[in-house]
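Letter by letter, the chains look like this.
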Amino acid sequence: QVQLVESGGGLVQAGAPLRLSCAPSGYTFRSYTMGWFCQAPGKEREFVAAIAWRGVSTFYADSVKGRFTISRDNAKNTVYLQMNSLKPEDTAVYYCAKVRAIVVTTREPTGYDYWGQGTQVTVSS
């Protein structure tokens, strides 16, 4: 059974850093692209970042480029999202997700088939 468990969310002040972790299980983690998405109240789920299976290729939303870094440790079956210089507009529930198919990398939520439960990130001004 595939499961993804996020951790690391919380309440921080603007400008502070935060690191999210996601620990998937139930499939061959190292074979699949992983993505991070966020959803603010009243808004649709949005792409944040993705990392290809070997960790060499990474992709970011323009809004987080230069502030967030996605990484993965295939030996530990964990994907991370390091968030620096956080802004109040980054406030959202953050989800990690597994892409549907091997060798595919996409920014579209429909391209991911398993999702974590989400972790709340709140940035105060």
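Everything discussed here concerns the structure shown above.
In this report, the structure presented in the accompanying data block is examined.

Analysis parameters
Residues numbered from 1 in each chain as written. Predicted model: local features only at pLDDT ≥ 70, side-chain atom pairs only at ≥ 80, totals over all residues. Heavy atoms only, no water. Salt bridge = Lys/Arg side-chain N within 4 Å of Asp/Glu carboxyl O. Helix = DSSP H or I, 4+ residues; strand = E, 2+ residues; numbered from the N terminus. Pairing = 2+ DSSP bridges. Axes fitted to C-alpha atoms, helices over the stretch in contact; angles between N-to-C directions. Disulfide = S-S within 2.5 Å. Core = buried A, V, L, I, M, F, W, Y, C linked by side-chain atoms within 4.5 Å. Buried < 20%, exposed > 50% of the residue type's maximum accessible area, 1.4 Å probe, protein only. Phe/Tyr/Trp six-rings, centres within 6.5 Å; stacked < 30°, edge-to-face > 60°. Lys NZ or Arg CZ within 6 Å of the ring centre and 35° of its normal.

**Quick notes on the pattern of salt bridges**
Reasoning step 1: Enumeration according to the criterion identifies three salt bridges in this entry.
Reasoning step 2: Of the charged contacts in the structure, one is a salt bridge between Asp62 and Lys65, with a shortest N-O distance of 3.2 Å.
Reasoning step 3: Of the charged contacts in the structure, one is a salt bridge between Arg67 and Asp90, with a shortest N-O distance of 2.8 Å. Within this pair, whereas Arg67 is found in the loop between strand 6 (58-60) and strand 7 (68-73), its partner Asp90 is found in the loop between strand 8 (78-83) and strand 9 (92-99), the two being separated by 23 residues in sequence.

**Considerations on the sheet that holds strand 3 (residues 18-25)**
Reasoning step 1: Ordered by their spatial adjacency, four strands build an open sheet running 1-3-8-7, and the pairing between neighbours is antiparallel. The sheet is open, and its two borders are formed by strand 1 (3-7) and strand 7, each paired with just one other strand. Direction aside, the axes of adjacent strands within the sheet are offset by 15° on average.
Reasoning step 2: Of the pairings in the sheet, the one linking strand 1 to strand 3 comprises five bridges and is antiparallel in character. Pairing of Val5 across the sheet is with Ala23, part of strand 3.

**As for the state of the cysteines**
Reasoning step 1: Considering all chains together, one arrives at one disulfide under this definition.
Reasoning step 2: The disulfide that involves Cys22 links it to Cys96, with 1.9 Å between the sulfurs. Disulfide Cys22 to Cys96: torsion about the S-S bond roughly 50°, handedness right-handed. With Cys22 in strand 3 and Cys96 in strand 9, the pair connects residues that are 74 residues apart, well separated along the chain.

**Topic: the nonpolar core**
Across soluble globular proteins, nonpolar side chains show a tendency to be buried alongside one another.
Reasoning step 1: Of all hydrophobic cores here, the largest spans 36 residues; its most connected members are Trp36, Val48, Leu81, Met83 and Tyr94.
Reasoning step 2: Among the secondary structure elements, those contributing two or more residues to this core are strand 3, strand 4 (34-39), strand 5 (46-51), strand 7, strand 8, strand 9 and strand 11 (119-124).

**A short note on the packing of aromatic side chains**
Reasoning step 1: In total, this model carries six aromatic pairs according to the counting rule given.
Reasoning step 2: Counting every residue linked through ring pairs, the aromatic cluster contains Phe37, Phe47, Tyr95, Tyr112 and Trp115.
Reasoning step 3: Directly above the aromatic system of Trp115 lies the positively charged group of Arg45, at a separation of 4.7 Å from the ring centroid.

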